[in-house]
Amino acid sequence: MTIQTALLQGVRLLEEDAVAAPRLTAEVLLAHALGRDRAYLYGRPEAELREVEWLHYGRYLHERLQGKPTQYITQRQEFYGRMFRVTPAVLIPRPETEHVVETALPFARQARRLVDAGAGSGAIAVTLALETSRLVLATDISIAALEVAAGNAAALCAPVCLVACDLLSAISSRSVDLVVSNPPYVPDEDMAGLQREVRDYEPHVALAGGRDGLEIYQRLITDAARVLGPGGRLVVELGFRTAAGVTAMLGGRFEDVRLVEDLAGIPRVLSAARAHGA
């Protein structure tokens, strides 16, 4: 079995099962089985697969056909130009979450203490730490997620301190200059309709946002108002159609509210300052 033949067979199987991006998926899985990058596939199309490589490739294809996300098979996902390890214990970082980093960076560079609440893989915390050379606190309620985040911080040499707690519950009052978060925001009624790859494989604790998708935002905003000093900044990712509801929660506790749209023109990030005297 040559690389070219293996690749063509993989593409056909994925196409028959209507898997998205079948060519790219087959390339990524075959390269992972070979322990090579994708460029190698085209430089050596006539190379023969060893039996162990063929067995690995077949297993990876089977897992993908069962709905397992490619990122959980390879345990790799790029975020903000860096490669992160991901497992089913953490949400797979999405490109749209890079808007959170871009929005937070100007404030992070001026902050003395910043926290990523619900850090998951650590993608946001590690990125902010490396882009600013600041120590970042990263919290998560999941010990398994914190272990993944710790591995990513160590692998990328990022100054990140991990804290096991629910959102900001372990953070002292008025001790933080910046809170960033990508909280769970999928309404309960929408969970069943998610793509199979998301619904059946990604951690529900990182997805489910309660009855209306706003439950975690309410707790996060209340806690952020407690831990942020006057003028401190809150930067959060928004779910689809949550901008109005999240903005309304800010009340008189926050000011200078800004909404940042993604490339599709959808409000994706909310940024607000802790009101002085509130």
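Quick note: structure is the one above.
Keep in mind the model is a prediction, meaning the values are calculated, not measured.

Colleague: What exactly am I supposed to notice about helix α11 (residues 215-227) here?
Modeller: Residues spaced three or four apart along an α-helix point in a common direction, a consequence of the helix completing one turn every 3.6 residues. An ideal rise of 1.5 Å per residue puts 18 Å on 13 residues; α11 measures up with 19 Å between its terminal C-alpha atoms. For α11, the set of buried residues is I216, Y217, L220, I221, D223, A224, A225 and V227. Buried residues in α11 make contact with β3 (114-117), β6 (176-181), β7 (228-237), α12 (243-249), β8 (254-261) and β9 (267-274).

Colleague: How do you make sense of the layout of surface pockets when you look at a structure like this?
Modeller: Summary: where empty space remains is shown by rolling a probe the size of a single water molecule over the atoms. Roughly 1,500 Å³ of internal volume is contained in the largest pocket. Lining the largest pocket we find 50 residues, and of these Q71, I92, R94, V198 and E202 sit closest to its centre. With five residues, helix α2 (residues 22-34) is the single largest residue contributor to the lining of the largest pocket. For the lining of the largest pocket, the residue count by class is 21 nonpolar, eleven polar and 18 charged. Counting only elements with at least two residues in the lining of the second largest pocket, the list comes to β3, α7 (123-132) and α11.

Colleague: In this structure, what is going on with the side chain of T74? I would like to understand it.
Modeller: By the secondary structure assignment, T74 is in helix α5 (residues 70-74). Every residue in contact with T74, bar those within four places of it in the chain, is listed here: V28, L29 and H32.

Colleague: Whenever I open this one, a nonpolar patch on the surface confuses me. Can you help?
Modeller: A cluster of nonpolar side chains, contributed by M1, W54 and L55, occupies part of the molecular surface with about 280 Å² of accessible area. Residue placement: M1 occurs in the segment before α1 (3-16). The class of M1 is partly exposed, set by a relative accessible area of 35%.

Colleague: Sorry if this is basic, but what is going on with the environment of A144 here?
Modeller: Locating A144 in the fold gives a position in helix α8 (residues 143-155). Residue classification places A144 among the partly exposed residues on the basis of a relative accessible area of 35%. Taking the C-alpha atoms as reference points, A144 and V198, separated by 54 residues in sequence, lie 18 Å from one another.

The rules behind these values
Residues numbered from 1 in each chain as written. Predicted model: local features only at pLDDT ≥ 70, side-chain atom pairs only at ≥ 80, totals over all residues. Heavy atoms only, no water. Helix = DSSP H or I, 4+ residues; strand = E, 2+ residues; numbered from the N terminus. Expected span 1.5 Å × (residues − 1). Buried < 20%, exposed > 50% of the residue type's maximum accessible area, 1.4 Å probe, protein only. Contact = heavy atoms within 4.5 Å. 1 Å grid on protein atoms, 1.4 Å probe; cavity = no way out; pocket = protein on both sides within 12 Å on 5 of 7 lines; lining within 4 Å. Points joined across faces, edges and corners; volume = space filled by probe spheres on them. Nonpolar A, V, L, I, M, F, W, Y, C, P; charged D, E, K, R; others polar. Patch = residues over 30% accessible without salt bridge, like charges linked within 9 Å, V, L, I, M, F, W, Y side chains within 5 Å. Areas by Shrake-Rupley, 256 points an atom, 1.4 Å probe, with all protein chains shown as cover. Salt bridge = Lys/Arg side-chain N within 4 Å of Asp/Glu carboxyl O.

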